[in-house]
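What follows is the residue order along each chain.
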Amino acid sequence: MVSEIQTFIESQLSSGSFSLFSFFFLALGGLLAGLLPCVYPLYPITAGILKSRVSNHKWSHPLVYYVGLASMYAVFGLVAGFSGGAFNSFLRYPETQVLLAILLFVLGLSVAEFLYFPFFAGDLRNSANVSYANTFFLGVGAGLLSSPCVGPVVVSILVQLIAYQTEGIRLVPILFTSLKMFVFGLGLGIPFLLIGVFGFALPKSGKWMKSVQWILALMILYFSFTYLEKAFGLWGLDASLAAKVFLIWTLALSFLYLQKKEGLPCEKMKHSLLQLGAYTSLVILILLLQSGVSKFSSASPAAGFKSVPTEVHGNLEWFRSKEEVYRIAKETGKPIFIDFYADWCTNCKEFQKLTLTNQEWNETFKNKAILWKIYDTDPIFEEFANNPNYPELKIGLPFFLILDADGKMIYKSNDYLDTKGMIDAILKF
């Protein structure tokens, strides 16, 4: 019965039509995704944004914020459809990771009240002067910030869109998927709407709010560091170097800030950031002139990967050569398990940990399958991504494949927690 219900739900979500059932399951999925722990930090931010706006507009501003959040997910559907997954490819570049790190660093300073952005604050003295357009775009921002937390669910929906794109861009499937994503966003935004409308039920502000504010700021600064770490990894540099750079940058900024005795905190921080940005740009320019851009770019993980036939993690050996994998599969009669991996993919790293900590998984992989790890920077990655049988790779990672020795597909999934599905596919083979 459970299997039949699951099949029915999947058919509703993946169909090219739209029904009350698909509406319900998408909204429910969005609501459950909105309860993930990594979305929690956005709730007090939402309460703070809407608190000054609901005194004269009990429902209107929260509703506009709510629609703005859901609209961001509709845009995800449109972008995925018209770009064919190109936006996801853009996220693989280390330069993109650096830009995200800088953006999050600045947002962290803003949450700690070292920087002030009038767009985010509005006119606190008179909520009637706060425009609905301002509230709408703040909701769009909340949708964007929540998207990394609900990525696996979003990927499952968008996969169907890419499946329709095997013969070029088709407008109707794109619009259907955009509508489905909007409904998913409506479900995700329900807690935000309730907080906006009933926000005054929250405890009154005080010292505890300042503590929460600093905790959130530190969390955002930590995420900033993780993106910088990903960028260094994609460049083929040591992760410890990213920690040193981040620490030096933070200490230098603190020194420049404390050096300025006069002025408001926001003005002092703004000038310190501009000054540090100029110094950093000068240092980077000198380094590039000394070492040469070509040497810097040659540190890519893809460079020279052919010289590494295997990659060992714990007691598991992952092959990196297509020829070797198929040769061993034919000799042993074992299936080929492929893990499509990227350094920027959080769930890819979580799966790698689970293959060592989950005993059943570990024993199955070690004894019953030939393991093949393919990085998003490997040339063969594009070969799989351009195969119409694997539209999931046009959307994002993680993605897993089980093939026989002739390359015939036995199993595929983007769910890194599907222990049963992976093990059953390997054992049945």
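All figures in this text were calculated on a predicted structure; none of them were measured in a lab.

### So, the nonpolar core
I338, F340, W372, F384, L393 and L397 are the most contacted members of the largest nonpolar core, which totals 27 residues. Going through the elements one at a time, α16 (322–332), β3 (336–341), β4 (370–375), α19 (379–385) and β5 (399–403) are the ones with two or more residues in this core.

### As for the pairing of strand β2 (residues 316–319)
Examined bridge by bridge, strand β1 (residues 310–313) and β2 share 4 bridges and lie antiparallel to one another. Looking across to β2, one finds that H313 is bridged to L316.

### Considerations on helix α2 (residues 20–33)
Compared with the 20 Å implied by 1.5 Å per residue over 14 residues, the 20 Å span of α2 between its first and last C-alpha is a close match. When α2 is considered as a whole, its buried residues turn out to be S22, L26, A27, G30 and A33. The buried residues of α2 all sit within an arc of 125 degrees when viewed along its axis, so they share a single face. Relative to its buried face, α2 has exposed residues pointing more than 90 degrees away, namely L20, F24 and L32.

### Description of the pattern of salt bridges
The tally for this structure, following the rule as stated, stands at 10 salt bridges. Residue E311 is joined to R320 by a salt bridge in which the shortest nitrogen-to-oxygen separation is 3.7 Å. Residue R327 is joined to E324 by a salt bridge in which the shortest nitrogen-to-oxygen separation is 2.6 Å. Within this pair, R327 and its partner E324 are both found in helix α16, separated by 3 residues, close to a single helical turn. One continuous salt-bridge network, built from bridges that share partners, spans E311, R320 and D378.

Cut-offs used in this document
Throughout this document, residue positions are counted from 1 along each chain, in the order its sequence is written. Owing to the predicted nature of the model, reporting of local features is limited to residues with pLDDT of at least 70; listing and counting of side-chain atom pairs is limited to 80 or more, with chain, interface and lining totals taken over all residues. Side-chain numbers come from the whole structure's heavy atoms, not from hydrogens or water. To form a nonpolar core, buried Ala, Val, Leu, Ile, Met, Phe, Trp, Tyr and Cys residues must be joined to one another through side-chain atoms within 4.5 Å. Partly exposed describes any residue whose relative accessible area lies between the buried limit of under 20% and the exposed limit of over 50%, with all areas from a 1.4 Å probe on protein chains only and scaled to the type maximum. Numbering of helices and strands starts at the N terminus; helices are DSSP runs of H or I of at least 4 residues and strands are runs of E of at least 2. Strand pairing is assigned whenever DSSP detects at least two bridges linking the two strands. Helices are assigned an expected span. That span is 1.5 Å times one less than the residue count. Regarding the arc, it is the one traced by the directions from the helix axis to the C-beta atoms. Here, a salt bridge means any Lys or Arg side-chain nitrogen found within 4 Å of an Asp or Glu carboxyl oxygen.

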